[in-house]
Amino acid sequence: MVNESIRENELPKWIFILGCFLVVFGGVSGVLGIVNPILFFNDFPSIESWRDVSFITNSWGIRNLAMAVALIIALWLKTPSVIVAVFSMRFFNELGDLINVLISGHGSFGVPLMFLLIGWVLFFLIPEALAVRWGFSKYKSH
């Protein structure tokens, strides 16, 4: 069995900061998806009754809140395998959301899709992939 205990200072500060940012970002967007979907999903002008789509907005909001909680646990445990699992989950969710935005055009908040793509890759996908890589390398070295 691999010993995953790592000293507290072994979790790179940038992963902790990224995780905290994602907790806040995901938590706020999750709450908005549940309590004020009109604000968060503001580029769907044809929806007249948000109650008719609340199962979608609530589900999306709960998903984001669940990812925020998983990140809190990962940052607290600081074990490489948990970092790999949670940041992989974030990466694939972000990738799926990005593909959905690029295909549908919804969710860009008015940002041109090329800028959105570049920003999404630079600020979400690459850092999350690097956190996963860190976790794998630490896990394999123990």
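A few points on the structure. (Residues numbered from 1 in each chain as written. Predicted model: local features only at pLDDT ≥ 70, side-chain atom pairs only at ≥ 80, totals over all residues. Heavy atoms only, no water.)

Regarding the packing of aromatic side chains
How two aromatic rings sit relative to each other is given by the distance of their centres and the angle of their planes.
Now for step 1: Within the structure shown, the criterion is met by five aromatic pairs.
Now for step 2: Here a set of aromatic residues connected by ring pairs shows up, and it is made of Phe-21, Phe-25, Trp-120 and Phe-124. (Phe/Tyr/Trp six-rings, centres within 6.5 Å; stacked < 30°, edge-to-face > 60°.)

What to know about the side chain of Ser-108
Now for step 1: By the element assignment, Ser-108 lies in the loop between helix H4 (80–104) and helix H5 (113–141).
Now for step 2: Judged by relative accessible area, Ser-108 falls into the buried class, the value being 9%.
Now for step 3: If near-sequence neighbours (up to four positions away) are discounted, Ser-108 is found in contact with Asp-43, Val-101, Leu-113 and Leu-116. (Helix = DSSP H or I, 4+ residues; strand = E, 2+ residues; numbered from the N terminus. Buried < 20%, exposed > 50% of the residue type's maximum accessible area, 1.4 Å probe, protein only. Contact = heavy atoms within 4.5 Å.)

Describing the pattern of salt bridges
Pairs may arise between side chains of opposite charge once their charged atoms sit close together.
Now for step 1: If you walk through the whole model with that rule in mind, you get four salt bridges.
Now for step 2: Glu-10 is the partner of Lys-138 in a salt bridge, and the nearest nitrogen-oxygen pair spans 3.4 Å. Taken together, the residues span a long stretch of sequence, with Lys-138 in helix H5 and Glu-10 in the segment before helix H1 (13–35) at a distance of 128 residues.
Now for step 3: According to the relative accessible area criterion, Glu-10 is buried, its value standing at 19%.
Now for step 4: Several salt bridges converge on common partners, so that one network encompasses Arg-90, Glu-94 and Glu-128. (Salt bridge = Lys/Arg side-chain N within 4 Å of Asp/Glu carboxyl O.)

A word on the layout of surface pockets
Now for step 1: When its volume is computed, the largest pocket comes out at roughly 770 Å³.
Now for step 2: Lining the largest pocket are 34 residues; nearest its centre among them are Phe-40, Phe-41, Trp-60, Val-101 and Gly-107.
Now for step 3: Where the lining of the largest pocket is concerned, the elements lending two or more residues are H1, helix H3 (54–77), H4 and H5.
Now for step 4: Looking at the lining of the largest pocket element by element, the count peaks at seven residues for H4.
Now for step 5: Considering only residue class, the lining of the largest pocket consists of 17 nonpolar, twelve polar and five charged. (1 Å grid on protein atoms, 1.4 Å probe; cavity = no way out; pocket = protein on both sides within 12 Å on 5 of 7 lines; lining within 4 Å. Points joined across faces, edges and corners; volume = space filled by probe spheres on them. Nonpolar A, V, L, I, M, F, W, Y, C, P; charged D, E, K, R; others polar.)

Focus: a nonpolar patch on the surface
Now for step 1: On the surface, Trp-14, Met-114, Ile-118, Leu-122, Phe-123, Ile-126 and Leu-130 cluster together to form a nonpolar patch covering roughly 700 Å² of accessible area.
Now for step 2: The biggest single contributor to the nonpolar patch is H5, with six residues.
Now for step 3: Turning to its location among the elements, Met-114 is positioned in helix H5.
Now for step 4: Look at Met-114 and you get exposed, because its relative accessible area is 55%. (Patch = residues over 30% accessible without salt bridge, like charges linked within 9 Å, V, L, I, M, F, W, Y side chains within 5 Å. Areas by Shrake-Rupley, 256 points an atom, 1.4 Å probe, with all protein chains shown as cover.)

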